[in-house]
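This is what each chain is made of:
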Amino acid sequence: MSSQPLLQVRDLSITLTRAGMHLPVLDAVSFDVAAGEVLGVVGESGAGKSVAGAAIIDLLVPPLRRASGAISLGGDRLDLMRPAEMRRVRGKRVGFVFQDPMTSLNPVLSIGRQLTDTMRTHLKLGRGALRSRALDWIERVGLPNPRRVFDAAPHELSGGQRQRIVIALALCAEPDIVIADEPTTALDVSVQAQMLDLMRTLHAETGAAMLLITHDLGVVAKMADRVAVFYAGRVVETAPTRTLFEAPRHPYTAGLMAATPAPDHEGRMQVTAIPGAMPGIGALPSGCAFHPRCVRAKADCLSMAPPLSPLGDGAAACFHPLQRKDVP
Ligand SMILES: Nc1ncnc2c1ncn2[C@@H]1O[C@H](COP(=O)(O)OP(=O)(O)O)[C@@H](O)[C@H]1O
Ligand SMILES: [Mg+2]
């Protein structure tokens, strides 16, 4: 990326305080999101994806704490902002969509009120303009009968409809970037694909960048321009999506891909899970955190954690990365 990235996360470390000990949850995580880009953040449950997303918008609560790191948005240091400044950033410059739509919706306010309140806080619009823009958003996210939805309370909508409203809320103040954390995970499988299609359409229309957090490589393949793979609180590989899927370099990425259900030559769905489990907080092995599960591990992997180093058009944190020719 030649120009300055929109979002820049540098050496972000987060700790969890447990019994007086500060245990690492994220260890020197760095990644960039360019303006208009979709960065997929992927990894097994517990890898630190959500914590990273929450840290960007200062939504970490004890026992989690940012220990170090710099977070810049359009050149402004989010990590140095006071809470009042940060509140203006949230919503206006950064929208967010979480797994459970009810975390973003107020259960007692009408949909229309929530949309108009969000826009009033961040955009300079009169009453009539706010109402008509809210109705537009309800329509844009694909809900029928916008006037009825405008007056509805969240509980009158289905889970999928609520998540559509959350997407409208995330975008209505025209943010530069949306952080979407497992936005489709809680939805019925039948609704998930529609929701991704909607997000892709709105991304193209609004030009907002997106940090798309998911455990699902299928979601990443469909949506992301680039991917950052998380393992045990570190970024172990980054690459353009196409490169990553064609030729994963980190053995963990290759293992994740093998663990994604795929039809075999007879059309049956097969899953090859990576043996073992990701280490928990406070139980990181020495050296590379992946070495106990890695078929390529050698002596050096046990003694030192490999740094994330440029490799091809991406980067990998591995002393013995797969070569492009190793991938069938
Ligand atoms: N509020 C919390 N209190 C204690 N541990 C937490 C808290 N939030 C997250 N963690 C722990 O931090 C690690 C990273 O969590 P998270 O970012 O939610 O993982 P992911 O989103 O990749 O599944 C996990 O081990 C999780 O159990
Ligand atoms: Mg998560």
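The rules we used
Residues numbered from 1 in each chain as written. Chains lettered and ligands numbered in written order. Predicted model: local features only at pLDDT ≥ 70, side-chain atom pairs only at ≥ 80, totals over all residues. Heavy atoms only, no water. Helix = DSSP H or I, 4+ residues; strand = E, 2+ residues; numbered from the N terminus. Buried < 20%, exposed > 50% of the residue type's maximum accessible area, 1.4 Å probe, protein only. Contact = heavy atoms within 4.5 Å. Areas by Shrake-Rupley, 256 points an atom, 1.4 Å probe, with all protein chains shown as cover. Lys, Arg positive; Asp, Glu negative; His and termini not counted. Charge placed at Lys NZ, Arg CZ, Asp CG, Glu CD. Near = heavy atom within 4 Å. Polar contact = N/O pair within 3.5 Å; in protein donor to acceptor, adjacent residues only side chain to side chain. Nonpolar A, V, L, I, M, F, W, Y, C, P; charged D, E, K, R; others polar. Expected span 1.5 Å × (residues − 1). Pairing = 2+ DSSP bridges. Axes fitted to C-alpha atoms, helices over the stretch in contact; angles between N-to-C directions. Phe/Tyr/Trp six-rings, centres within 6.5 Å; stacked < 30°, edge-to-face > 60°. Lys NZ or Arg CZ within 6 Å of the ring centre and 35° of its normal.

Student: Any details on the overall build of the protein? Residues and values, ideally.
Tutor: The number of helices and strands found in the protein is 11 helices and 14 strands. The principal-axis extents of the C-alpha atoms in the protein amount to approximately 70 × 55 × 45 Å. In the protein, buried positions account for 49% of the 328 residues. For the protein, the proportion of contacts with a sequence separation of at least 24, taken over those separated by at least 6, is 64%. A total accessible area of about 15400 Å² is found for the protein, and carbon and sulfur atoms account for 54% of it. Of the charged side chains in the protein, 35 are positive and 31 negative; the average position of the first set lies 4 Å away from that of the second.

Student: Got a sec to walk through the site of ligand 1? Specific residues and values, please.
Tutor: Close to ligand 1 lie 13 residues, the nearest being Gly-46, Gly-48, Lys-49, Ser-50 and Val-51. Note that an oxygen atom of ligand 1 is positioned 2.7 Å from one of the backbone N or O atoms of Gly-46. Lys-49 is positioned such that a nitrogen or oxygen atom in its side chain is 2.8 Å from an oxygen atom of ligand 1. Compared with its free state, where it exposes 560 Å², ligand 1 has 64% of that area covered by protein. Here the shell around ligand 1 is built from residues that sort into seven nonpolar, four polar and two charged.

Student: Mind laying out helix H3 (residues 111-122), listing which residues take part and the relevant values?
Tutor: Side chains of residues three or four places apart in an α-helix project in the same direction, reflecting 3.6 residues per turn. An ideal rise of 1.5 Å per residue puts 16 Å on 12 residues; H3 measures up with 17 Å between its terminal C-alpha atoms. Along H3, the residues classified as buried are Ile-111, Gly-112, Gln-114, Leu-115, Thr-116, Met-119 and His-122. Lining the buried residues of H3 we find helix H2 (83-92), helix H4 (127-140), helix H5 (146-151) and helix H6 (159-171).

Student: So what's going on with the sheet that holds strand S10 (residues 234-240)? Residues and values would help.
Tutor: If you trace the eight strands from one edge of the open sheet to the other, you get S6-S7-S8-S3-S9-S10-S14-S13, paired in mixed fashion. The sheet is open, and its two borders are formed by strand S6 (94-97) and strand S13 (309-311), each paired with just one other strand. Looking at each pair of strands side by side, their axes are set apart by 25° on average, direction ignored. Lying over the sheet, helix H1 (residues 49-56) contacts strand S3 (38-42), strand S7 (177-181), strand S8 (209-214) and strand S9 (226-231), oriented at roughly 150° with respect to S8. On top of the sheet, H6 reaches S6 and S7; it is set at about 170° to S6, its chief contact.

Student: I'd like a description of the side chain of His-291, backed by residues and values.
Tutor: Checked against the element boundaries, His-291 lands in the loop between strand S12 (269-270) and helix H11 (299-303). Leaving out residues up to four positions away in the same chain, His-291 has contacts with Pro-285, Ser-286, Ala-297, Cys-301 and Leu-302.

Student: Which residues make up the packing of aromatic side chains, and what values go with them?
Tutor: Between two aromatic rings, the relevant description is the distance of the centres plus the angle of the planes. Inspection of the entire model under this criterion finds five aromatic pairs. Where Phe-96 meets Phe-98, the ring centres are 5.5 Å apart and the plane angle is 35°; that geometry is what we call tilted. Note on Phe-98: relative accessible area 22%, which makes it partly exposed. Among the aromatic residues, ring-to-ring pairing joins Tyr-231, Tyr-252 and Phe-290 into one connected group. Seen from the ring of Phe-150, Arg-131 lies directly overhead, with NZ or CZ sitting 4.5 Å from the centre. The side chain of Arg-140 reaches across the aromatic face of Trp-137, ending 4.4 Å from its centre.

Student: Before we move on, can you summarise the sheet that holds strand S4 (residues 64-73) with the specific residues and values?
Tutor: Reading across the sheet, the four strands line up as S2-S1-S4-S5 and stay open at both edges, with antiparallel pairing between neighbours. The open sheet has two edge strands with one neighbour each: strand S2 (21-33) and strand S5 (76-77). Pairing of strand S1 (residues 7-18) with S2 involves nine bridges; the strand directions are antiparallel. In the strand pairing of S2, Leu-16 is matched with Leu-23. The strands that H1 touches are S1, S2 and S4; relative to S1, the one it contacts most, it runs at about 115°.

Student: Tell me about the pairing of S10, and name the residues and values.
Tutor: Of all the seven residues making up S10, five are buried; the element is thus mostly covered by neighbouring parts of the structure. In the sheet, S9 pairs with S10 via six bridges, with the strands oriented antiparallel. By the bridge assignment, Arg-226 is partnered in S10 with Pro-240. Where S9 folds back onto S10 in an antiparallel hairpin, the turn is made up of two residues, including Ala-232, whose phi is positive at roughly 50°. Summarising the sheet, S10 and strand S14 (residues 314-316) pair through two bridges and their orientation is antiparallel. In the strand pairing of S14, Thr-238 is matched with Ala-315.

Student: Tell me about unusual backbone geometry, and name the residues and values.
Tutor: The omega torsion of the bond from Pro-62 to Pro-63 falls at 10°, within 30 degrees of zero and hence cis. Within the secondary structure, Pro-63 sits in the loop between H1 and S4. Unusually for a residue other than glycine, Asp-58 sits at a positive phi of about 55°. Relative to the elements of secondary structure, Asp-58 occurs in the loop between H1 and S4. Assessed through its relative accessible area of 40%, Asp-58 is described here as partly exposed. Phi is positive for Glu-182, close to 50°, though the residue is something other than glycine. Relative to the assigned elements, Glu-182 resides in the loop between S7 and helix H7 (189-206). We classify Glu-182 as buried; its relative accessible area is 9%.

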